[in-house]
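A closer look at the structure
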Amino acid sequence: MKSLNSRRTRAIVVAIAAGSLALTGCSENKGSNSGKDSKKDQAEAAEQSKAVVYGDAAASTGPAEEVAGAKSGGTVQVFQESGLTHLDPGQIYVSDAGQVANLLYRGLTNFEEDGKGNVSVVGDLATDSGTSSDGGKTWTYTLKDGVKDQNGNVITSADIRHTVERQYADFIFDGPTYLQTWLSGPKYRDALKDGGFGSKHLPSTVLDTPDAKTVVFHFDTARPDLPQTLAMPGYSVVPEKTDTKAKYDAAPVSTGPYKIAEYKVGKSMKLVKNENWDPKTDSVRHQYVDGFNFDFGVTESTQTSRLIADQGDSKNAIQLTGGVEATQIQKVIGDAAVNKRTIKGYQPYVMTLTFNLDRVKNKAVRDAITYGINSKSLIAGEGGAYGGDAAPNLFAPTLPGYEAAYDPYGRLKTPAGNIAKAKELLKDVPAAEKKLVYAYSNSEAGQKRKVAIEDALTKIGIDVVAKEVDSASYYEQIGKVKNPYDMYVTGWGQDWPSPGTVITPIYDGDQVADGSSNYSHINDPKVQELIKKALTQEPTEAAVTWKEAQHYILEKVNPSAPLWYTKQFQLYGSNIGGARYSTESSYIDITRLFLKS
């Protein structure tokens, strides 16, 4: 996924024969809350990582299966605290924009789920999930007939080529990089400096479009996870005729069931039906409601209060990526009628206090903070046991290879912090190295986290200088290599259930760049060696290597102090129909909603 804002809700290879797995990864948008039985929650989390099926043409043919009791008409009200950083598909790697993307855009493939934890990859613009040959090095896709954008233009292979090539352009800096690096290596921008906007294109030996309906990807090694990669919002199609480059963020063109009628950045957005979307070509999405009205800047406490009261438009409302505000959880679970209007589930995010290694160079300081940080108080601000569990390491319970007992810093034994151990590590550290700049989001959640982190670090002798960052651009700001901060809270969820989708995007030294999810700027030769090794191994062997990589990263480098695993606990209005938890997004499944009356 990417980060939890979910951001990048971002990486890697699990062979289908061994059971390729899928959950969208990214960065955290907020990450909220689930149940209070942690062991039961973690067992259920493991169930979210069932083997994914790659769908054939029949599975990819629309229309999508009808939702029981669905009706047409009306407008869904959407509450969200932070504005959207991006609407350009190529820039989308966070969960809030990812949710919106599934209403607006289509890619070659998409995820489909049955509400019971079973996830498949189906053809979206393509007729199926893809056909591999040459030992998995070559993948061929055929486009469906009759798919048009909102302007009535037919989507062709030229649009797919353009979508891929524009990812090489400098103005695309905040989205996924899997496909580009797989096609052209870590320095992929050098292979197509103008992003395909000039006369040069990727050679047919890399990306071939022999006719208007066919797209062929050629890789130098097997890429069995390509269908899942292409299902990421960041690889949704951008029609070539209407691409306005860097300006596309402000007025993107829809290929999904809805289109943008009005957008006031950071304030509101109105979606209406896209008349050129044909349900017969779409096996995933529905178009039950007339539209969606997004209201940005609504705090989680206000969202929760409105949804509990369930009056007026709030009856038709949902939370996008926010959740039930911590202090109001008891009101929700204590009222059966309200609690019935909730969705719950373990999210794939691990929240960490990430260190900028260019600035916090003393490992003793990083270790002291990791021992001394108070996960218990941080989780209390998220809703206690409904908000998350203390994280002992960098892998979430939803991830294959998760080691529940791997706890090198004693986070499970002392979730409130081991102050004595932290002070011991800091006793010989110069005062200048103990003065650290902490960046925090100006959201309600960010404010709570600031208080908890300042309190814990002050107790162990760290002089915290807190700097507020706009919540809508938070990941963009900390994603700058030359950012002026020493540490910041980040959340990452796997792009699909493989440890490589955690290790590669956030701990790969080749990913140190503006807009990258390597927020710590770790660039360690041993880590690089282990990543390269794992990416060439079969899944069973790779699992061992990814485990070794996590242990080395956490113990020998420590770029990120694990804080907590997030849970989802969202509330919706009484007139909302079709609501269910999405295993793939870890939020409400926005593709199937309708209004009951």
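Everything here concerns the structure above.
Keep in mind that what you see is a predicted model, and the values were worked out from it rather than measured.

So, on to helix α10 (residues 375–382). Taken residue by residue, α10 has Ser375, Leu378, Ile379 and Glu382 as its buried positions. Buried residues in α10, looked at end-on, bunch into an arc of 95°, giving them a common side. Structurally, α10 contributes buried residues whose contacts are with α7 (329–333), β16 (388–390), α12 (444–460) and β20 (560–571). Trailing α10 by a residue or two, Gly383 shows a phi angle of about 120°, which is positive.

All right, on to the packing of helix α14 (residues 500–507) against helix α15 (residues 525–534) then. One way to put it is that α14 packs onto α15 with a least axis distance of 11 Å and a crossing angle of 140°. Judged by the inter-axis angle, α14 sits oblique to α15. For the pair α14 and α15, the crossing hand works out as left-handed. Contacts between α14 and α15 pair Ile503, Thr504 and Tyr507 from the former with Val527, Gln528 and Ile531 from the latter. Along the lines of polarity and charge, the residues of the contact of α14 with α15 split into four nonpolar, two polar and no charged.

This part covers the nonpolar core. Among the nonpolar cores identified, the biggest contains 97 residues, and Leu179, Phe217, Leu226, Leu353, Ile369, Leu457 and Ile462 are the most heavily contacted of them. Tallying contributions element by element places helix α16 (residues 539–557) first for this core, with six residues. Residues contacting Ile462, with those up to four places away along its chain left out, are Val365, Ile369, Leu426, Lys434, Leu436 and Leu457. Core analysis: the next-biggest nonpolar cluster, separate from the first, contains 30 residues, Leu84, Leu87, Val289 and Leu595 among them.

Take the packing of aromatic side chains next. Tallied over the entire structure, the rule returns 18 aromatic pairs. Measuring from centroid to centroid gives 6.3 Å for Phe217 and Phe219, while their planes differ by 10°, and the two rings are stacked. Residue class for Phe217 comes out buried when judged on its relative accessible area of 0%. Given a relative accessible area of 7%, Phe219 falls into the buried group. Taking the centre distance of 5.1 Å and the plane angle of 70° together, the rings of Tyr371 and Tyr409 count as edge-to-face. Of this pair, Tyr371 sits in helix α9 (residues 363–372) while Tyr409 sits in the loop between β16 and α11 (419–426), and the two are 38 residues apart along the sequence.

Definitions and cut-offs
Residues numbered from 1 in each chain as written. Predicted model: local features only at pLDDT ≥ 70, side-chain atom pairs only at ≥ 80, totals over all residues. Heavy atoms only, no water. Buried < 20%, exposed > 50% of the residue type's maximum accessible area, 1.4 Å probe, protein only. Helix = DSSP H or I, 4+ residues; strand = E, 2+ residues; numbered from the N terminus. Arc of directions from axis to C-beta. Contact = heavy atoms within 4.5 Å. Axes fitted to C-alpha atoms, helices over the stretch in contact; angles between N-to-C directions. Parallel < 35°, antiparallel > 145°, perpendicular 65-115°, else oblique. Left-handed = near helix turned anticlockwise from the far one by under 90°. Nonpolar A, V, L, I, M, F, W, Y, C, P; charged D, E, K, R; others polar. Core = buried A, V, L, I, M, F, W, Y, C linked by side-chain atoms within 4.5 Å. Phe/Tyr/Trp six-rings, centres within 6.5 Å; stacked < 30°, edge-to-face > 60°.

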